[in-house]
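Chain residues, written in single-letter form:
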Amino acid sequence: MIRLTVNGVEHTLDVEGDTPLLWVVRDVLGLKGSKFGCGAGLCGACTMHLNGQPIRTCIMPLSAVAGQNITTIEGLSPANATPQQLTPIQQAWLELNVPQCGYCQSGQIMAATALLASNPNPSDADIDNAMSGNICRCGTYPRIRSAIHKAAGMMSAVSHPQAARNGELFSEVTLPQATNSEELSHG
Ligand code: FES
Ligand code: FES
């Protein structure tokens, strides 16, 4: 038996220790937002957080993360969240219509979330460096970069209410009515 906490819920799992974490999360726990892409640690589609740090879960054996805290895309915001309950990164993703086919996007959001947690005001170079391991076959990189900057601005406004009061940072955030927010939180 291996214990693991996923999105704040503790699980005791009867699974072989060499099973990749991605398989456990998707097939045992039923959380399908994290995607299988390359299976070799090269594309980032399977990105989750281990104690807040992004990891490639397709090559991470369950035994290596036993007893630790895992966060998946489903853990960033409540199930069936309203747009306002999404994280600033998820809101910025919606506002700028970042996804195309969407397959890579949960990994992109997890990587971006970890980036802004460690660097609240990243430069273009910081973003490109932090996100370089997350591949998008649809080429959404310019929108990803813009959305990270937008989310950084939204988070800064929350930290600095005076900036928010001048209306500049939030005035552009009008979420599209037709967009299903579950696409960004549950893949
Ligand atoms: S599926 Fe894990 S890095 Fe590609
Ligand atoms: S949106 Fe299609 S792979 Fe990134």
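The structure under discussion appears in the preceding block.
Source: prediction; values computed, not measured.

1. Things to note about a nonpolar patch on the surface
Among the surface-exposed residues, Trp23, Phe36 and Tyr103 lie close enough to one another that they form a single nonpolar patch of about 280 Å² accessible area. The topology assignment puts Phe36 in the loop between helix 1 (21-28) and strand 3 (47-50). What makes Phe36 partly exposed here is its relative accessible area of 37%.

2. Some thoughts on the environment of Asp14
Position of Asp14 among the secondary structure elements: in the loop between strand 2 (9-13) and helix 1. Classification of Asp14 as exposed rests on a relative accessible area of 67%. Measuring from C-alpha to C-alpha, the distance between Asp14 and Val28 comes to 9.7 Å, with 14 residues separating the pair along the chain.

3. Some points on the side chain of Lys35
Within the element layout of this structure, Lys35 appears in the loop between helix 1 and strand 3. No salt bridge is formed by the buried Lys35; its nearest oppositely charged neighbour, Glu74, is found at 6.9 Å. A polar side-chain atom of Lys35 sits 2.9 Å from the main-chain carbonyl oxygen of Lys32. A distance of 3.4 Å separates a polar side-chain atom of Lys35 from the backbone oxygen of Gly33.

Thresholds applied
- Residues numbered from 1 in each chain as written.
- Chains lettered and ligands numbered in written order.
- Predicted model: local features only at pLDDT ≥ 70, side-chain atom pairs only at ≥ 80, totals over all residues.
- Heavy atoms only, no water.
- Patch = residues over 30% accessible without salt bridge, like charges linked within 9 Å, V, L, I, M, F, W, Y side chains within 5 Å.
- Areas by Shrake-Rupley, 256 points an atom, 1.4 Å probe, with all protein chains shown as cover.
- Salt bridge = Lys/Arg side-chain N within 4 Å of Asp/Glu carboxyl O.
- Helix = DSSP H or I, 4+ residues; strand = E, 2+ residues; numbered from the N terminus.
- Buried < 20%, exposed > 50% of the residue type's maximum accessible area, 1.4 Å probe, protein only.
- Lys, Arg positive; Asp, Glu negative; His and termini not counted.
- Polar contact = N/O pair within 3.5 Å; in protein donor to acceptor, adjacent residues only side chain to side chain.

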